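Breakdown of the fold
For reference, the chains in residue letters:
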Amino acid sequence: MNTDAVKLLQGRYCNSLTEYSRFVTREVNIGDVPMGGNNPIRIQSMTTTDTMDTIGTVEQSIRMVDAGCEYVRITAPSIKEAQNLAEIKKQLRQRGYNVPLVADIHFTPNAAEVAARIVEKVRVNPGNYADKKKFDQIDYTDQEYQGELERIYKKFAPLVNICKEYGTAMRIGTNHGSLSDRIMSRYGDTPQGMVESAMEFMRMCETLNYYNLVISMKSSNPQVMVQAYRLLVDTMVAEGMNYPLHLGVTEAGDGEDGRIKSAVGIGTLLEDGLGDTVRVSLTEEPEAEAPVAIELVRRYTERKAESEKQKAEETIDHRPWTMDKTPHNPYEYKKRHTYEANAFIGGHMVPRVVVDLSAKNLKDPAVLKDAGYLYSPLLDKYNMAEQSVDFVYLADELPSFVFPSNLKQLYNYNTWQKLTDKTNCHPVFSLAEYIAPGTDRSSKLNLVRILPADMDSDEFGSLPFDNSLVFVLETEALHGMADQRSFFFKLEELGLEIPVIVKRSYEFEKDHGPSTIDHGQTDLTTKLQLYAATDLGALLVDGFGDGIWIDAPELPANVITSTAFGILQATRSRISKTEYISCPSCGRTLFDLMVTTQMIRSRTSHLKGLKIGIMGCIVNGPGEMADADYGYVGSGTDKVTLYRGKEAVKKNISSVNALDELIGIIKEDGNWVEQEQA
Ligand code: SF4
C-alpha cells in the first residue's frame with residue numbers, strides 16, 4: 001500500500017487510541033439474540049459432532065450453551081446435513097434451548113439455500129462459496145475479473161433473497177488460507193485481499209438491499225488477522241458501512257498456545273474497541289472455548305463502565321494521539337527501529353525476556369529452572385532450555401551461588417552500586433535516580449523505569465542519552481496498552497531510538513471480582529495467559545517492544561516464563577518452539593483431532609521453528625493451514641494426506657503410518673533433529 005493510501009486510511013479503524021471506545025456497529029438480528037450496536041459482545045462456538053448425529057449435536061450444543069455460548073454454529077457440508085438442522089433445532093427447542101443456530105457453509109450453495117430457511121444465520125466463506133480453489137495464479141484482465149463477479153452474483157443472489165425472505169442473518173467469513181484464485185491473482189494472500197474478498201460479497205448484499213450481515217477476517221497468524229480487521233473497518237467506513245465484527249483466530253491450537261494465540265489476535269482488536277462477537281477456536285472440546293472467550297471479553301465490559309466513570313470524574317488522561325496524528329501505520333508490520341544497547345537488547349535482536357526471581361529461594365541453584373536454566377549438581381553446570389530468559393530481576397536480594405554466564409542479573413540501583421563484582425549485573429533506576437547528579441551509571445547497560453506520563457516531565461527532558469540506556473515501560477492506566485502505545489508514538493515522533501522493555505503487572509485476586517473461570521491455580525494461569533497476551537501482544541504485533549517483563553506474584557515463575565515465550569511465539573517475534581496450526585474440528589473431521597495433535601506433538605515438539613498444520617478434513621484443511629511448513633490432513637476414514645507447504649506429497653496413506661511418513665518427509669528436507677540433540 002502506498003504512503004498516501006495509508007494516510008487516507010489512518011483515522012478510521014479505531015475511535016480512540018487513548019481511551020477505551022467501542023466502534024459502534026449496525027445492530028443485526030439473529031433469532032432473539034441481536035448482535036452489534038449497543039448489545040454486549042456475544043460469545044459463540046461450533047459443534048464438533050457429525051451433523052447427522054442429531055442427539056450428539058443437540059447434547060453438545062446444550063453443553064456449549066450451558067458454558068456460555070450465545071450462538072451455536074453447526075457445519076452443513078451438503079444438503080442432507082442442512083436438512084437435518086431442522087431436526088436439531090426442533091429438539092433443542094423441545095428441551096427449552098432457544099439458542100440461535102448458525103449453519104457453516106463451504107463450497108455448497110445448495111446446502112446454504114436449504115439451511116437459510118431453517119436456522120437463524122448462515123456463514124459463507126467468500127473464498128469458496130461459488131469458487132473452487134485451484135491454486136492457479138492466473139492473471140485476470142479487468143473484464144475477466146468483472147465477468148467472475150457477475151458469475152458469483154448469479155450464484156449468490158438466490159441465497160441473499162432467501163435470507164431476506166426468512167429474516168436470516170449471514171456472516172461473510174473470509175479466511176486467510178482460503179482466498180479465491182481471483183483475489184489471490186490481484187491482491188495475493190494479504191490483509192487487503194482478505195478485505196476485498198468480503199467487500200465484494202458485502203457490496204452484492206447491499207445491491208440486493210440486504211443488510212443483516214456480520215463480517216469476519218480470520219487467520220491463524222494473529223498479525224495478519226489484526227491487520228485485516230483494522231483494514232476492513234477502515235474500508236467499511238469509507239464505503240458508509242458499519243457491520244458487526246465476528247472476531248477469531250483460526251486453527252489456534254490447544255492449551256497454552258491456543259489461548260495465547262487467540263488472545264493476541266482477539267485481545268488486540270478488543271483493545272482497539274473492535275468486535276461484536278468472539279469465537280475462540282481451540283483444539284479441545286467446544287465447551288472449553290466459551291469460558292476463554294468470556295474471560296477475554298469481560299475485561300472490556302468492566303473497562304467501559306470504569307472509563308465512563310473516569311470520564312464523568314474527568315480523571316482520564318487525555319493524550320493528544322488521534323488516528324490522523326499517529327506516525328505509525330496500523331495496517332502493516334514494521335518493527336520500531338531502536339539501537340542495540342551494547343549487544344544486550346534492541347536493534348535486530350529478538351525481544352528479551354525478564355523474569356522476577358527476587359522473592360524466590362536464592363540459596364538454591366535449582367531456582368533457575370523456572371527461568372529455563374537446569375542445574376546439574378553432578379557436573380556443577382547449567383543447561384539452557386529452549387525457553388531460557390535473558391534477564392532475571394533480583395531487586396535487592398543477593399544469590400548465594402554463581403549464575404550461568406549468559407544469564408544477566410538486574411538489581412535496584414542502590415544494591416547494584418554496592419556489588420563488588422558487577423560482572424553480568426546491571427542496574428535498574430527510577431527516572432529520578434538516573435538523572436540525579438553524581439549517579440554512578442553502568443558503562444554497558446542501564447535500565448530506567450518509566451511511565452508514559454513521565455515523558456511530559458522535566459526529568460525526562462534532562463535524561464542523558466547514550467547507547468547504554470533502555471527503558472522499562474510501566475503503566476498505571478486502566479487502558480494500559482493504549483497508554484503504553486502512546487509512549488511509543490511519542491518516542492517515534494521525537495526520533496528517540498531507545499530500546500524499551502514493556503512491563504505489565506497483574507494481581508488478579510486484588511484487581512478482579514469473581515471470574516467466569518473457576519478459581520484456583522489453573523484459572524490464574526489462564527487469566528495471565530489471556531491478559532498478558534492481550535496487553536503485550538497488542539504492542540508486539542505492531543512492532544513495539546524490545547523486551548517483555550511480566551510481573552505476577554501470585555503465579556510460579558515457570559508459568560510466567562512460559563507465558564512470555566508463548567506471547568513472543570504467537571506474535572512471531574521470537575520463535576522458541578514448534579508451532580501447531582490445528583483446526584478446532586467440526587462435523588467434517590475425519591480423525592480425533594485432540595488425540596492426533598497430542599501424538600504429533602509428542603514426537604515433533606522439539607523441532608523449534610517448524611509450523612505443522614493438523615487439519616481434520618481435506619475440504620478446508622489445506623487452505624486453512626495457510627503458512628504451515630508441513631500438513632497432516634484427514635482425507636478419508638483412516639486416511640491421511642501429507643503436505644509439504646501447499647503441495648500434497650503423500651496422498652491417502654494409512655493413518656497408522658502417517659506420522660512416521662511425516663517425520664520421513666521432514667528428515668528428507670533436512671529439517672529433523674533428534675530429540676536428545678535438540
Ligand atoms: S479443517 Fe477442521 S474445522 Fe475446518 S472444516 Fe475441516 S475438519 Fe472442520
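For clarity, every value in this text was computed on a predicted model and none was experimentally measured.

**With respect to the overall build of the protein chain**
When helices and strands are tallied, the protein chain shows 20 helices and 23 strands. Its C-alpha atoms give the protein chain a radius of gyration of 26 Å, near enough to 26 Å, the size a compact globule of 678 residues would have. Taken along the three principal axes of its C-alpha coordinates, the protein chain extends 80 × 60 × 55 Å. Contacts in the protein chain between residues at least 24 apart in sequence constitute 68% of all its contacts with a sequence separation of at least 6. Of the roughly 25,600 Å² of accessible surface on the protein chain, 49% is carried by carbon and sulfur atoms. If you average the places of the 73 positive and of the 95 negative side-chain charges in the protein chain, the two averages end up 3 Å apart.

**Points about empty space enclosed by the protein**
Taken as a whole and assessed by the stated rule, the structure comprises four cavities of 30 Å³ or more. When its volume is computed, the largest cavity comes out at roughly 330 Å³. Forming the walls of the largest cavity are 25 residues, and the residues nearest its centre are His106, Glu251, Pro584, Asn620 and Glu624. Of all the secondary-structure elements, those providing two or more residues to the lining of the largest cavity are strand E2 (71-75), strand E5 (169-175) and helix H19 (621-624). No fewer than three residues from each of domain 1 (39-312) and domain 3 (579-669) sit in the lining of the largest cavity. Put simply, the second largest cavity is a space of about 110 Å³. Every residue along the wall of the second largest cavity is listed here: Ala252, Asp257, Ile260, Lys261, Gly566, Gln569, Ala570, Lys577, Thr578, Glu579 and Tyr580. Among the secondary structure elements, those contributing two or more residues to the lining of the second largest cavity are helix H9 (255-271), helix H17 (557-570) and strand E19 (579-582). Of the residues assigned to the lining of the second largest cavity, the class counts are four nonpolar, three polar and four charged.

**As for helix H5 (residues 142-166)**
End to end, H5 covers 36 Å across 25 residues, agreeing with the expected 36 Å (1.5 Å per residue, within 8%). Taken together, the buried positions of H5 are occupied by Tyr145, Glu148, Leu149, Ile152, Phe156, Ala157, Leu159, Val160, Ile162 and Cys163. Structurally, H5 contributes buried residues whose contacts are with helix H4 (109-115), strand E4 (121-124), E5, helix H6 (181-187) and helix H7 (191-207). Looking one or two residues past H5, glycine 167 carries a phi angle of roughly 70°, positive in sign.

**Examining the UniProt feature "domain: IspG C-terminal" (unreviewed entry) in the protein chain**
Per the UniProt entry, the sites bearing "domain: IspG C-terminal" (unreviewed entry) are residues 579-667 in this numbering. Structurally, residues 579-667 comprises 33% helix and 34% strand, and the distance from its first C-alpha atom to its last is 17 Å.

Quick notes on the rules
- Residues numbered from 1 in each chain as written.
- Predicted model: local features only at pLDDT ≥ 70, side-chain atom pairs only at ≥ 80, totals over all residues.
- Heavy atoms only, no water.
- Helix = DSSP H or I, 4+ residues; strand = E, 2+ residues; numbered from the N terminus.
- Rg over C-alpha atoms; globule rule 2.2 N^0.38 Å.
- Contact = heavy atoms within 4.5 Å.
- Areas by Shrake-Rupley, 256 points an atom, 1.4 Å probe, with all protein chains shown as cover.
- Lys, Arg positive; Asp, Glu negative; His and termini not counted.
- Charge placed at Lys NZ, Arg CZ, Asp CG, Glu CD.
- 1 Å grid on protein atoms, 1.4 Å probe; cavity = no way out; pocket = protein on both sides within 12 Å on 5 of 7 lines; lining within 4 Å.
- Points joined across faces, edges and corners; volume = space filled by probe spheres on them.
- Domains from an automatic or database assignment.
- Nonpolar A, V, L, I, M, F, W, Y, C, P; charged D, E, K, R; others polar.
- Expected span 1.5 Å × (residues − 1).
- Buried < 20%, exposed > 50% of the residue type's maximum accessible area, 1.4 Å probe, protein only.
- UniProt positions renumbered as here; feature names shortened; annotations may be inferred.

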